[in-house]
Amino acid sequence: MRFAVLVFPGSNCDIDCYKAVEQTLGQPVDYVWHTETDLSLYDCILVPGGFSYGDYLRCGAISRFAPVMNEVAKAAEEGKFILGICNGFQILTEAGLLPGALRRNESMKFRCHDSVLQVVNHETPFTRDYSEGQEIVIPIAHGEGNYYCDEATLQKLRDNRQIVFTYKDNPNGSVGDIAGICNERGNVLGMMPHPERAVSSLLGSEDGKAMFTSIIQTWRDRHGAAASVR
């Protein structure tokens, strides 16, 4: 299985994502610059956190128009796995790959600390190695993590089980305590907390590791039990 870690001007969690894949899964992983126009080599695309284009206009609003995002949309349509973390989540909503928007934290302050999440849906390609209702410790680091959508969209997210993670103690004012959602198909996930920063006890938590192992196990199931590196 081959992973791509997208890099935009201002990305600063790309190395964390790369190391998480390399050290947790031992799978091939490449940095992919935002001008790339071909992602056909990759099975999973990680859209990392940071401050792409300095968060000018709105977080993710400029990155949404990068050439690589056309390829991300194609990959999503093909059923490949797309994981957007923090700024990556913001980019996915701006690109229309996920519903809703991310606003300034309710406190109007940057929040950077561990957060306790509840796994609401453990049947996605990203959460199969968790259990339903499991509480996990994943750090946050954001100023615009306040997820918002209208009531109709929120109900749709609930009905379709697209709410994947919620906060136990909401740090930013997100509607429905939402920390992460997926698309209807389940192959695109966006979340504000950083699982790539929780893959080792040295980092304070290993609870993010199961997200990466879930991805590879799902891919192997799709491609046969003997599937390994492609």
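Numbers given for residues are sequential positions, taken from 1 along each chain in its written order. Predicted model: local features are reported for residues with pLDDT of at least 70 only, side-chain atom pairs are reported and counted for 80 or more only, and whole-chain, interface and lining totals are derived from all residues. By convention in this description, side-chain values take in all heavy atoms of the structure and omit both hydrogens and water.

- As annotated in an unreviewed UniProt entry, the chain is Phosphoribosylformylglycinamidine synthase subunit PurQ from Paenibacillus uliginis N3/975.
- UniProt positions are given in the numbering used here, feature names are shortened, and annotations may be inferred rather than shown by experiment. Taken verbatim from the UniProt record of the chain, the Subcellular location (unreviewed entry) comment is "Cytoplasm".

**Observations concerning the UniProt feature "active site" (unreviewed entry) in the chain**
- According to UniProt, the feature "active site" (unreviewed entry) maps to Cys-86, His-194 and Glu-196 in the numbering used here. In terms of the greatest pairwise C-alpha distance, the residues named above, spread along 111 residues, form a tight cluster of at most 11.0 Å across.
- Structurally, Cys-86 can be placed in the loop between strand E4 (81-85) and helix H3 (87-94).
- Only heavy atoms enter the contact rule, under which two residues are in contact if any of them lie within 4.5 Å. Ignoring anything within four residues of it in the chain, the contact list for Cys-86 reads Gly-49, Ala-141, His-142, Met-191, Met-192 and His-194.
- With near-sequence residues (within four places) excluded, His-194 lies in contact with Cys-13, Gly-49, Ile-85, Cys-86, Ile-138, Pro-139, Ile-140 and Ala-141. For helices the rule is a DSSP run of H or I covering at least 4 residues; for strands it is a run of E covering at least 2, with both sets numbered from the N terminus onward.

**Here's the deal with the nonpolar core**
- One finds Met-69 and Phe-165 to be the most contacted residues of the largest nonpolar core, which totals 68 residues.
- The dominant element in this core, judged by the number of residues it contributes, is helix H5 (residues 209-223), at 6 residues. For the purposes of this section, nonpolar cores are sets of buried Ala, Val, Leu, Ile, Met, Phe, Trp, Tyr and Cys residues that join through side-chain atoms within 4.5 Å. Classification of residues uses two cut-offs on accessible area relative to the type maximum, computed with a 1.4 Å probe and protein chains only: under 20% is buried, over 50% is exposed, and between them is partly exposed.

**Brief notes about the packing of aromatic side chains**
- Under the pairing criterion, centres of Phe, Tyr and Trp rings, with the six-membered ring standing for Trp, must be within 6.5 Å; the plane angle then separates stacked pairs below 30 degrees from edge-to-face pairs above 60, leaving the rest tilted. Counted under the stated rule, the structure contains 4 aromatic pairs.
- With 6.0 Å between their ring centres and 15° between their planes, Phe-89 and Tyr-147 make a pair best called stacked. In this pair, Phe-89 sits in helix H3 while Tyr-147 sits in strand E8 (residues 146-148), placing the two residues 58 residues apart along the sequence.
- Placement of a positive charge over a ring is assigned whenever Lys NZ or Arg CZ falls within 6 Å of the ring centre and within 35 degrees of the normal to the ring plane. The positively charged end of Arg-64 is found above the aromatic ring belonging to Phe-65, 4.7 Å away from the centroid.

**Quick look at the sheet that holds strand E11 (residues 188-191)**
- Pairing between strands is defined by DSSP: at least two bridges between the two strands are required. Overall, mixed pairing links the 9 strands, which are arranged E2-E1-E3-E4-E11-E10-E9-E6-E7 in an open sheet. Lying at the two open borders of the sheet, with one neighbouring strand each, are strand E2 (29-33) and strand E7 (135-142). This sheet shows a mean twist of 25° between the axes of neighbouring strands, independent of strand direction.
- By the bridge criterion, 3 bridges tie strand E6 (residues 111-119) to strand E9 (residues 163-167) in an arrangement that is antiparallel. Its bridge partner being in E9, Gln-118 is matched across the sheet by Thr-166.
- Axis lines are fitted to C-alpha atoms, over the contacting stretch for helices. Their N-to-C directions set the angle, which ranges from 0 to 180 degrees. Along the sheet, H5 contacts strand E1 (3-7), strand E3 (44-47), E4, E9 and E11; its crossing angle with E4, the most-contacted strand, is approximately 170°.

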